[in-house]
Amino acid sequence: MSHPALTQLRALRYFDQIPALDPEQLDWLLLEDSMTKRFEQQGKTVTVTLVQEGFVSCAEIASELPLLPQEERYWLREILLCADGEPWLAGRTVVPESTLSGPELALQRLGNTPLGRYLFTSSELTRDFIEIGRDAELWGRRSRLRLSGKPLILTELFFTGIAVVLRGRKNGVEPDAE
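Please read all numbers here as calculations on a predicted model, not as lab measurements.

**Some words on the sheet that holds strand β3 (residues 74-83)**
Okay, so step 1: Reading across the sheet, the seven strands line up as β1-β5-β6-β7-β4-β3-β2 and stay open at both edges, with antiparallel pairing between neighbours. Edge strands, defined here as strands with exactly one partner in the open sheet, are β1 (13-14) and β2 (46-56).
Okay, so step 2: Sheet topology places β2 next to β3; ten bridges connect them, and they run antiparallel. Residue pairing across strands places G54 opposite L76, the latter belonging to β3.

**A look at the pattern of salt bridges**
Pairing is possible between side chains that carry opposite charge, provided their charged atoms lie close to one another.
Okay, so step 1: Evaluated as defined, the whole model comprises 16 salt bridges.
Okay, so step 2: A salt bridge links R117 to E40, with the nearest nitrogen and oxygen atoms 2.3 Å apart. Note that R117 is positioned in helix α4 (residues 115-119) and E40 in helix α3 (residues 35-41), a separation of 77 residues in sequence.
Okay, so step 3: Take R117: its relative accessible area is 38%, and that puts it in the partly exposed class.
Okay, so step 4: You can call E40 partly exposed: its relative accessible area is 34%.
Okay, so step 5: When the shortest N-O distance is used, the salt bridge between R134 and E137 registers 4.0 Å.
Okay, so step 6: Accessibility expressed as a relative area gives 11% for R134, which makes it buried.

**Some remarks on the packing of aromatic side chains**
Okay, so step 1: For the structure on display, the rule yields four aromatic pairs.
Okay, so step 2: Taken together, a centroid distance of 5.7 Å and an interplanar angle of 10° make the contact between F15 and W139 stacked. Residue F15 is found in the loop between β1 and α2 (23-29), and its partner W139 is found in strand β6 (residues 138-147); the two are separated by 124 residues along the sequence. The same class applies to F15 and to W139, which are both buried.
Okay, so step 3: An angle of 80° between the planes, with centres 5.0 Å apart, marks the rings of F55 and W75 as edge-to-face. Highlighted residues: F55 in strand β2 and W75 in strand β3, separated in sequence by 20 residues.
Okay, so step 4: Looking at F55, the relative accessible area reads 29%, which means it is partly exposed.
Okay, so step 5: The rings of W28, F39 and W88 are connected pair by pair, giving a single aromatic cluster.
Okay, so step 6: Lying over the aromatic face of W28, R38 brings its terminal NZ or CZ to 4.7 Å of the ring centre.

Criteria and thresholds
Residues numbered from 1 in each chain as written. Predicted model: local features only at pLDDT ≥ 70, side-chain atom pairs only at ≥ 80, totals over all residues. Heavy atoms only, no water. Pairing = 2+ DSSP bridges. Helix = DSSP H or I, 4+ residues; strand = E, 2+ residues; numbered from the N terminus. Salt bridge = Lys/Arg side-chain N within 4 Å of Asp/Glu carboxyl O. Buried < 20%, exposed > 50% of the residue type's maximum accessible area, 1.4 Å probe, protein only. Phe/Tyr/Trp six-rings, centres within 6.5 Å; stacked < 30°, edge-to-face > 60°. Lys NZ or Arg CZ within 6 Å of the ring centre and 35° of its normal.

This is the structure:
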């Protein structure tokens, strides 16, 4: 099963540098804290629609593979994060099998729980980078996070309600060719 938003998420093209955007746009795209928490601070009730979850081979995570250790299997979770029942972002989490040990085994049992509720309660969470991407009029971001030093990739595509904020004025900013 898939969703059109996840096709757009996989089509994101990433900028080599942070693009010149309005401060409000950058505030959303470069947020270091939980996006779930940000939505809740906006007065929204946050829910998750699980689209896909399970182990996949490296062939199914081609765009994330250069950012992760080479392994036979990866845990893939694709979701829609909804605010007051309206999808606000599509999320894709890729976790190397070696990351899924100790407390991080919980990543396989999130179900309809937002990833941010798990990640941002850990004192062992660090972020290596945030890359900003774009596909047509929609903006997204990709981060490599580490739990207890173990990596995972989180990609988010913003749409619907938040797209108005992220669209900003038409300033012709385009991602760099890969």
